[in-house]
Amino acid sequence: MAFMDYKSAGVDIEAGYRSVELMKKHVASTARPELLGGLGGFSGAFSMSSFKNMEKPTLVSGTDGVGTKLKLAFLMDRHDTVGIDCVAMCVNDIACAGGEPLFFLDYIACGKNVPEKIADIVKGVADGCVQAGAALIGGETAEMPGFYPEDEYDLAGFSVGIVDEKDMITGRNLQAGDILIGIASSGVHSNGFSLVRKVFDMTPASLDQYYDELQDKLGEVLLTPTKIYVRALKQLKESGVRVKACSHITGGGFYENVPRMMKEGTVARIRKDSYPLPAVFSLIEEKGRIEKQMMYNTFNMGIGMVIAVDPEDTEAALKAIRMAGEGPYTIGYVDSGEKGVILE
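Just so we're clear, the structure is a prediction, and the values are computed from it rather than from any experiment. (Residues numbered from 1 in each chain as written. Predicted model: local features only at pLDDT ≥ 70, side-chain atom pairs only at ≥ 80, totals over all residues. Heavy atoms only, no water.)

Q: Is there a simple way to think about the pairing of strand β13 (residues 328-336) in this case?
A: The side chains of a regular strand alternate, first on one face of the sheet and then on the other. Note that strand β7 (residues 179-184) and β13 share five bridges and pair antiparallel. Pairing of Ile 183 across the sheet is with Pro 328, part of β13. The sheet contact formed by strand β11 (residues 266-270) and β13 spans five bridges and is antiparallel. For Thr 266, the partnering residue across the bridge sits in β13 and is Ser 336. (Pairing = 2+ DSSP bridges. Helix = DSSP H or I, 4+ residues; strand = E, 2+ residues; numbered from the N terminus.)

This is the structure:
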């Protein structure tokens, strides 16, 4: 008589143990001095002692997932970059508030735990944490047979950062005449993929197709990880530039996200021709026969983050962003008017 056990039900505990062993080296690469304890505990511990000299230390947090971009990773069997996307979507929101990300936790739910695949995912998460200066202090891998197909998974994350209350970016001092600076994206990032998947055939052959205008294969361009802007915002602060307002251009593109950084009585005027449009967006627009306004209402269109600064700080801001290795563009200005954004 055969006895029922967890493995015969589809959950392999030994595979879970092996996943943890394989990911340990990646997790170790993200360590910060404040990290207490090691991997494997029931919770992650992080000392706050180094921030006790702040006037009013304030915690800021962010949580998000990668969305349907994961479908490309499944088709291409490439799993070492989506973790960067997951980290970026969380820590960029923290940076938007003026915060420094401290630590990150991930959650992976899968149909079948393949240890090497899980370790690849966590490698991406660790790479993103290193870029953001955040410690990967814990996570969860949930094997859920019957809920997810064996070769699929979902990935989400959560991050906590800190900022002195006086240094928070709130937009309350925004005024007409302030300059808007856009920081270049690396491509589509992690939003709009439900539309992208309608425009292109989502098959290995389609994703492996080379496009002259992209100078690369479609799948490689679409899978490019989301930019992490933590260093750029930190460099701005260290250079003495006061960022008055900030917007992370995610789902909803310019039309949904830019107004979130504006205060009542101010409107953002942005010139669409003020920076180079990445070829991938022109290709999506053409192949999908998508209206221009819908493009700017869905995608980042080449700008992953928008900041507002005093006109006198423009050159210093551009220099600081370049020092952080990013590409800045002066894309518009703040005007008086009904709260929102006008693309010209």
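Q: Just to check I follow, could you spell out the nonpolar core for this structure?
A: Buried together is how nonpolar side chains tend to be arranged in soluble globular proteins. Grouped together as the largest cluster of nonpolar side chains are 89 residues, with contacts concentrated most on Tyr 153, Leu 180, Val 188, Leu 222, Leu 236, Phe 254 and Ile 284. Considering every element that reaches this core, the biggest residue donor is helix α3 (residues 82-96), with nine residues. Not counting the four nearest positions on each side in its chain, Leu 222 is found in contact with Lys 69, Leu 72, Val 188, Phe 193, Val 196, Leu 207 and Val 280. In terms of nonpolar packing, the next biggest core, distinct from the first, is built from eight residues, Phe 46, Phe 103, Ala 135 and Val 160 among them. (Core = buried A, V, L, I, M, F, W, Y, C linked by side-chain atoms within 4.5 Å. Buried < 20%, exposed > 50% of the residue type's maximum accessible area, 1.4 Å probe, protein only. Contact = heavy atoms within 4.5 Å.)

Q: Please explain helix α12 (residues 314-323) as it appears in this structure.
A: In an α-helix, one turn spans 3.6 residues; hence positions three or four apart end up facing the same way. Listing the buried residues of α12 in full gives Thr 314, Ala 317, Leu 318, Ala 320 and Ile 321. Each buried residue of α12 sits inside an arc of 165° when the element is viewed along its axis, so together they form one side. Looking at α12, the residues exposed on the side facing more than 90 degrees away from the buried face are Glu 315, Lys 319 and Met 323. Looking at the buried residues of α12, the elements they touch are β7, α8 (230-238), β12 (303-309) and β13. Once α12 finishes, Gly 325 follows within two positions and takes phi at roughly 90°, a positive value. (Arc of directions from axis to C-beta.)

Q: Even after reading the chapter, I still don't get the packing of aromatic side chains, so can you show me in this structure?
A: The way to describe two aromatic rings as a pair is by their centre distance and the angle between their planes. Applying the stated rule across the entire model yields six aromatic pairs. With centroids separated by 4.9 Å and ring planes inclined at 75°, the aromatic side chains of Phe 74 and Tyr 153 adopt a geometry described as edge-to-face. With Phe 74 in helix α2 (residues 70-76) and Tyr 153 in strand β6 (residues 153-164), the pair connects residues that are 79 residues apart, well separated along the chain. Between Phe 281 and Phe 299 the ring centres are 6.0 Å apart and the planes differ by 55°, which places this aromatic pair in the tilted class. Of the two residues, Phe 281 sits in helix α10 (residues 279-288) while Phe 299 sits in the loop between α11 (292-296) and β12, which places them 18 residues apart along the sequence. (Phe/Tyr/Trp six-rings, centres within 6.5 Å; stacked < 30°, edge-to-face > 60°.)

Q: Looking at this model, I keep getting lost on the pattern of salt bridges. Mind explaining?
A: Pairs can form between side chains of opposite charge whenever their charged atoms are close. As enumerated under the stated definition, the model contains 17 salt bridges in all. The partner of Arg 32 in a salt bridge is Glu 34, with the nearest N and O atoms 2.9 Å apart. Considered together, Arg 32 and Glu 34 belong to a single accessibility category, that of buried residues. Measuring nitrogen to oxygen at the nearest pair gives 2.9 Å for the salt bridge that ties Lys 123 to Asp 127. Of this pair, Lys 123 and Asp 127 are both found in helix α4 (residues 115-132), four residues apart, which corresponds to roughly one turn of the helix. Linked through salt bridges whose partners overlap, the residues forming this network are Asp 164, Lys 166, Asp 167 and Lys 237. (Salt bridge = Lys/Arg side-chain N within 4 Å of Asp/Glu carboxyl O.)

Q: Would you mind showing me how to read the environment of Gln 215 here?
A: By the element assignment, Gln 215 lies in the loop between β8 (210-211) and β9 (216-217). Take Gln 215: its relative accessible area is 65%, and that puts it in the exposed class. Residues Gln 215 and Ile 179, 36 residues apart in the sequence, show an inter-C-alpha distance of 33 Å.

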